[in-house]
Each structure stands twice: as structure tokens, then as C-alpha cells.
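Notes for the structure review
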Amino acid sequence: MPGTTGIELLDMGSARDWNLPVVFLTGQGDMPTCAASLRRCARLPAQAGR
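Described in the following lines is the structure provided in the data block. In this text the structure is predicted, and so the values were computed from the model without any measurement.

1. Looking at the overall build of the chain
From N to C terminus, the chain includes two helices and zero strands. Within the chain, the fraction of its 50 residues that count as buried is 14%. Total accessible area computed for the chain in this model is approximately 4,800 Å², and 58% of it derives from carbon and sulfur atoms.

2. Quick notes on the environment of Asp11
Among the secondary structure elements, Asp11 is positioned in helix 1 (residues 6–15). We classify Asp11 as partly exposed; its relative accessible area is 33%.

3. Observations concerning a nonpolar patch on the surface
A cluster of nonpolar residues, Leu9, Met12, Trp18, Leu20, Val22 and Phe24, forms a patch on the protein surface that exposes about 590 Å² of accessible area. Note that Val22 resides in the loop between helix 1 and helix 2 (31–39).

4. Some remarks on helix 1
Residues Gly6, Ile7, Leu10 and Gly13 constitute the buried set of helix 1. The arc that holds the buried residues of helix 1, viewed along the axis, is 120°, so those residues lie on one side. Buried residues along helix 1 sit against helix 2. Positive phi shows up at Asp17, right after helix 1, with a value of about 60°.

5. Observations concerning helix 2
Along helix 2, the positions that sit buried rather than exposed are Cys34, Ala36 and Ser37. All buried residues of helix 2 lie within an arc of 160° about the axis, which places them on one face of the element. In helix 2, the exposed positions that point more than 90 degrees away from the buried face belong to Met31, Pro32 and Arg39. In this structure, the buried residues of helix 2 make contact with helix 1. Two residues or fewer past helix 2, Cys41 is found with a positive phi of approximately 70°.

Reading the values: the criteria
- Residues numbered from 1 in each chain as written.
- Predicted model: local features only at pLDDT ≥ 70, side-chain atom pairs only at ≥ 80, totals over all residues.
- Heavy atoms only, no water.
- Helix = DSSP H or I, 4+ residues; strand = E, 2+ residues; numbered from the N terminus.
- Buried < 20%, exposed > 50% of the residue type's maximum accessible area, 1.4 Å probe, protein only.
- Areas by Shrake-Rupley, 256 points an atom, 1.4 Å probe, with all protein chains shown as cover.
- Patch = residues over 30% accessible without salt bridge, like charges linked within 9 Å, V, L, I, M, F, W, Y side chains within 5 Å.
- Salt bridge = Lys/Arg side-chain N within 4 Å of Asp/Glu carboxyl O.
- Arc of directions from axis to C-beta.
- Contact = heavy atoms within 4.5 Å.

Written as C-alpha cells, this is what we have:
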């Protein structure tokens, strides 16, 4: 998705009334992105152990 973040893609789908389950996977998650996804009704994220 060059030029588009996962959150932006989720917003585009919501604007078009897509009613699909979405799973985002990342190796570089951060708290602001996690908070943004939760504000968009995401389920609690799973975090890999280190």
C-alpha cells in the first residue's frame, strides 16, 4: 500500500460503507497507531512477546 497507511485504508472503507472484518498486522506498531485503531472500533490488539 505505498502512500497509504492501514488507518487511512480503514477510513476509506468506512466512508464507502464497507462492512468487512479487517485484520492489521505490523512489525512496527506504536501507541498512537494503536489508539487510532481503537477509536475506530478495533478490538484490542494482540502483542507478540519479545
